[in-house]
Amino acid sequence: MELTLVHLYPDLLNIYGDQGNVAALNYRCAQRGIKLKLKNLGAGEVLVAGSFDLIFGGGGQDSQQASVSRYLPGQSAVLKQAARRGVPMLTICGSYQLFGRYFKPFTGPMLKGIGIFPAYTVASKTRKIGNIVITTSLGKLVGFENHSGNTFLDQPGLALGRVMAGNGNNGTDQTEGCRVNNVFGCYLHGSLLPKNPPLADYLITTALELKYRRQINLRPLDDRLEWQAHQTAVKICLKSGWRNW
Ligand code: GLN
C-alpha cells in the first residue's frame, strides 16, 4: 500500500522540529511496508484535488504566516472538499491558526485563513511558551508550545483536548487545539507525533481506510522508546506544576 502526504509550505512553516512529524509518519509507514510519498507544496503552487491522502502543515513566525496567507486561501476549496471527505490533516500552530477564519498578528493586517476550523486567533503581548499535556479522545498528548496567538473556538466542544498542564488555545478556557472530522489543529510542537504514537497511527490508518475502502489494522510497532519519551515528558510537565489546571 502507499500514501501521498502533502507538506504545506515547508520553506515557510516549519519551526520547533515540526519536520519531525513527517519523519515520524514516514518511519511508521516504512516499518509496516507502506510507502509514503512526500510532496512539498511551495508558495504559488496549486494543490490538486485527489492527489493526496494526508496533509501536514507546521508552525511559523508571523511574517512567514503573512507570506503563506497570500497563497493558502487559493487552496481552500480543495482542502475543504478533502476535509469533508475525511482526509486526515495535521496542522501545528501557525498553520493551525491559518486553518481558522483569521489570525490577527500583533502588528500588520489581519491574515485571512481558510475557515476549516470555526475559530479565530488574535496575537497577544504574552508568549505562551513551555511543555504542555492535554487529554484527548486518543489519550494524552504531550508537546511544547510557543505562540503569542490566543485562539478562540466557536464551540468548546470542537477542541482537540483539555489542557492538564500548559496554556493551550488561549490560557483561559482550558481548551487546546481543534478537531473537525479528521482535520487536527493544535499548538503542540516538539515534534508532536514521535512522542504520541496513537495520533500518528490514527492519521495513517484513516488515510489508508479512506484510500483502500476497507478496515485497516496496523501491525503494532516496538514503541518502547516512544512511550518512554512520552511518559517522561508528561511526568516532567505535570511535576513542574506549570499552569496545572
Ligand atoms: N506566529 C504565531 C504565534 O506566535 C504562530 C507561532 C508558531 O507557529 N509557533 O502565535
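Residues numbered from 1 in each chain as written. Predicted model: local features only at pLDDT ≥ 70, side-chain atom pairs only at ≥ 80, totals over all residues. Heavy atoms only, no water.

This paragraph deals with the site of the ligand. Near the ligand there are 16 residues, and of these G60, D62, Q65, C93 and G149 occur at the shortest range. Contacts to the ligand include Q97, whose side-chain N or O atom sits 3.0 Å from an oxygen atom. Between N146 and the ligand, the recorded distance is 3.0 Å, taken from a backbone N or O atom to a nitrogen atom. The protein chains hide 99% of the 300 Å² of surface that the ligand would expose on its own. (Near = heavy atom within 4 Å. Polar contact = N/O pair within 3.5 Å; in protein donor to acceptor, adjacent residues only side chain to side chain. Areas by Shrake-Rupley, 256 points an atom, 1.4 Å probe, with all protein chains shown as cover.)

As a further point, take the UniProt feature "active site" (unreviewed entry) in the protein. Annotation from UniProt places "active site" (unreviewed entry) at C93 and H189. For the residues just named, distributed over 97 residues, the greatest C-alpha separation is only 7.7 Å, placing them together at one site. Set against the largest cavity, the annotated residues named above that line it are C93. Its place among the elements puts C93 in the loop between β4 (89–92) and α4 (94–98). You can call C93 buried: its relative accessible area is 5%. If we ignore the near neighbours within four places in the chain, the residues touching C93 are G59, N146, H147, C186, Y187 and H189. Within the secondary structure layout, H189 lies in the loop between β12 (183–186) and α5 (197–212). By relative accessible area, which is 0% here, H189 ends up buried. Of the polar contacts made by the side chain of H189, one reaches the side chain of D18; its length is 2.8 Å. (UniProt positions renumbered as here; feature names shortened; annotations may be inferred. 1 Å grid on protein atoms, 1.4 Å probe; cavity = no way out; pocket = protein on both sides within 12 Å on 5 of 7 lines; lining within 4 Å. Helix = DSSP H or I, 4+ residues; strand = E, 2+ residues; numbered from the N terminus. Buried < 20%, exposed > 50% of the residue type's maximum accessible area, 1.4 Å probe, protein only. Contact = heavy atoms within 4.5 Å.)

On to the UniProt feature "binding site: substrate" (unreviewed entry) in the protein. Under the local residue numbering, the UniProt record ascribes the feature "binding site: substrate" (unreviewed entry) to R127. With respect to the helices and strands, R127 occurs in strand β7 (residues 119–136). The residues contacting R127, other than those within four sequence positions of it, are N146, H147 and S148. Within polar-contact distance, the side chain of R127 engages the side chain of N146 at 2.7 Å.

With that out of the way, let us pick up the sheet that holds strand β3 (residues 54–57). Strand order in the open sheet formed by 6 strands is β2-β1-β3-β4-β12-β11, and the pairing between neighbours is mixed. Each end of this open sheet is capped by a strand with a single partner; those strands are β2 (35–41) and β11 (178–180). Neighbour-to-neighbour, the strand axes of the sheet open up by a mean angle of 15°, direction not taken into account. The pairing of strand β1 (residues 2–8) with β3 spans 4 bridges and is parallel. (Pairing = 2+ DSSP bridges. Axes fitted to C-alpha atoms, helices over the stretch in contact; angles between N-to-C directions.)

Our focus in this paragraph is empty space enclosed by the protein. Taken as a whole and assessed by the stated rule, the structure comprises 2 cavities of 30 Å³ or more. Computed from the structure, the largest cavity encloses a volume of approximately 100 Å³. Lining the largest cavity we find 14 residues, and of these G60, D62, Q65, R127 and H147 sit closest to its centre. Contributing elements (two or more residues each) for the lining of the largest cavity: α2 (62–71), α4 and β8 (139–153). If you tally residues by element for the lining of the largest cavity, the top one is β8, at 4 residues. The residue inventory of the lining of the largest cavity, partitioned by class, reads 3 nonpolar, 9 polar and 2 charged. (Points joined across faces, edges and corners; volume = space filled by probe spheres on them. Nonpolar A, V, L, I, M, F, W, Y, C, P; charged D, E, K, R; others polar.)

Before going further, it helps to spend a moment on the side chain of R32. By the secondary structure assignment, R32 is in the loop between α1 (19–30) and β2. Relative accessible area serves as the criterion here: at 15%, R32 is assigned to the buried category. Here R32 is in contact with D201, I204, L218, R219, P220 and L221, once residues within four sequence places are set aside.

Below, the discussion takes up unusual backbone geometry. With an omega of 10°, the peptide bond running from G190 to S191 counts as cis. Note on placement: S191 falls in the loop between β12 and α5. A positive phi angle, close to 50°, is found at Y16, a residue other than glycine. Examined against the element boundaries, Y16 turns out to sit in the loop between β1 and α1. Located in the positive-phi region is N181, a residue other than glycine, with phi close to 55°. Following the sequence through the fold, N181 ends up in the loop between β11 and β12.

On to the nonpolar core. Core analysis: the biggest nonpolar cluster contains 63 residues, and L3, L72, L79, M89, F99 and L193 have the highest contact counts within it. Sequence-distant contacts of F99, defined by excluding residues within four places in its chain, comprise L8, L72, L79, M89, T91, I114, G115, I116, F117 and V183. Counting residues in hydrophobic clusters, the runner-up holds 6 residues, among them A165, A233, V234 and C237. (Core = buried A, V, L, I, M, F, W, Y, C linked by side-chain atoms within 4.5 Å.)

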